Amino acid sequence: MSTAEHSLALSNAAPGPAPWQRAAAGANLLTADGGLGVTIFEEITTMAVKAGAINLGQGFPDEDGPGAIAAAARQAIAAGTNQYAPGKGMPVLREAVAAHQQRFYGLAPDPDTEVIITTGATEALAATLLALTGPGDEVLTFEPFYDSYGAMIGLSGATHTTSPLRAPDFQPDLEHLEQAFTDRTRVVLVNNPHNPMGTVFNREALAKVVELAERYNAVIVMDEVYEHLTFGVPHIPVATLPGAAERTVTISSAGKTFSFTGWKIGWLHGPADLVAAIRTVKQFLSYSSGSPFQPAIAAALALDDSFYQGVAAGLQRKRDVLSEGLRRAGLEVFTPDGTYFINVDAAPLGVTDAPALARQLPELVGVAAIPVSVFCHADGAERTRSLLRFAFCKKIEVLEEAAARLATLQERLG
């Protein structure tokens, strides 16, 4: 018996699903017979490579961030910053995170007791959910939801509940949101700006989250990794709203803003008691990481306003280039107010099965995308069955070529 077969046999013999199965089920990775399936990202990427297609499925930039920041990391390596960082992160970066929050939002977390540096936002989310939730608890997210949310909620043993984001604006349905909260809601996890829908939640929706969290004594966990990637609308950190700070954990990272996704430098801040609980779990995950990258990101957070404005303006231009090609293809385009994802409805082309279309696109027009339904539970998958998500965090010439290819979609579908 192979090691894999032995592991499966053990998990099948145990009462109830094994932890890995709960995580896989939460991320929609279990097959009908309980085995482990391939992620849609891996599947579509493989098809894109085989077809020589432009891959707009996965959301990572194809250009590095500022050269001066990369040089700062090289300098740190050369200077010997290559051993473990403190478990809660280097003081220089914790102080830079606090200064960033003060500068942009008027928040003043204590860098010694209220800030942790993490291995990307992914570890921050994992440590937070594992620290604060477990069997018998509910974690409420909006749907569609980023796939790691489902995986980590499943691993924690909590129950994942959802409230839908519906076309065309994908803002929260406040009445449904109120119904989704229960006495078991331990955490409400909000991604704003929102991946995959590209929505920037308005103040009314965020205030409702705070009101309900207070009513049900829930912790608000904010995933704000796209905080600087908004187009003409403000990003409102929930922690700035009345009554929110004492129950809010705010998570962000360097990857999206600075285009250094591979460095995996993230952070969180919140009330000292919640941060201490999260740090207790975090120290037994990665303990620490990215020592030479931490002072480099500290320098990045101090870049002047023109950098932040330029990042958003450049992405908005890229969004508009891709949007035009998608419209010419005959798709209904939902113009995003933030992130670097754009969603379309294929129904105007008579296509109601976006997962099937996503598997055709690489060969059909030489462009790859991801069906939105993979970010949903069963009911949500049915509701979003005709939607596709494209990433526009690519070089402008790549997007122009992708737009030209997509413009031929309608005629190729016949």
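A brief report on the enclosed structure follows. (Residues numbered from 1 in each chain as written. Predicted model: local features only at pLDDT ≥ 70, side-chain atom pairs only at ≥ 80, totals over all residues. Heavy atoms only, no water.)

Take the layout of surface pockets next. Any space left empty among the atoms is revealed by the rolling of a water-sized probe across them. Each pocket or cavity is described by its volume, and for the largest pocket that value is around 660 Å³. Lining of the largest pocket is provided by 30 residues; of these, G59, T122, Y146, K256 and K264 occupy positions nearest its centre. Every element with two or more residues in the lining of the largest pocket is listed here: α6 (120-132) and α10 (255-258). Top element by residues in the lining of the largest pocket is α6. It accounts for four residues. Tallied by class, residues from the lining of the largest pocket come to 15 nonpolar, ten polar and five charged. Each pocket or cavity is described by its volume, and for the second largest pocket that value is around 360 Å³. Among the secondary structure elements, those contributing two or more residues to the lining of the second largest pocket are α3 (40-51), α14 (354-364) and α15 (378-383). (1 Å grid on protein atoms, 1.4 Å probe; cavity = no way out; pocket = protein on both sides within 12 Å on 5 of 7 lines; lining within 4 Å. Points joined across faces, edges and corners; volume = space filled by probe spheres on them. Helix = DSSP H or I, 4+ residues; strand = E, 2+ residues; numbered from the N terminus. Nonpolar A, V, L, I, M, F, W, Y, C, P; charged D, E, K, R; others polar.)

Going through the model one piece at a time under the given rule, you end up with 15 salt bridges. The closest approach of N and O atoms between E123 and K282, which form a salt bridge, is 3.0 Å. With E123 in helix α6 and K282 in helix α11 (residues 272-282), the pair connects residues that are 159 residues apart, well separated along the chain. For the pair formed by E123 and K282, the shared burial category is buried. Across the pair R385 and D353 runs a salt bridge, and its minimum N-O distance is 3.3 Å. Taken together, the residues R385 in the loop between α15 and β13 (387-391) and D353 in the loop between β10 (341-345) and α14 connect sequence positions 32 residues apart. Salt bridges sharing common partners tie together E178, K208, E211 and R215. (Salt bridge = Lys/Arg side-chain N within 4 Å of Asp/Glu carboxyl O. Buried < 20%, exposed > 50% of the residue type's maximum accessible area, 1.4 Å probe, protein only.)

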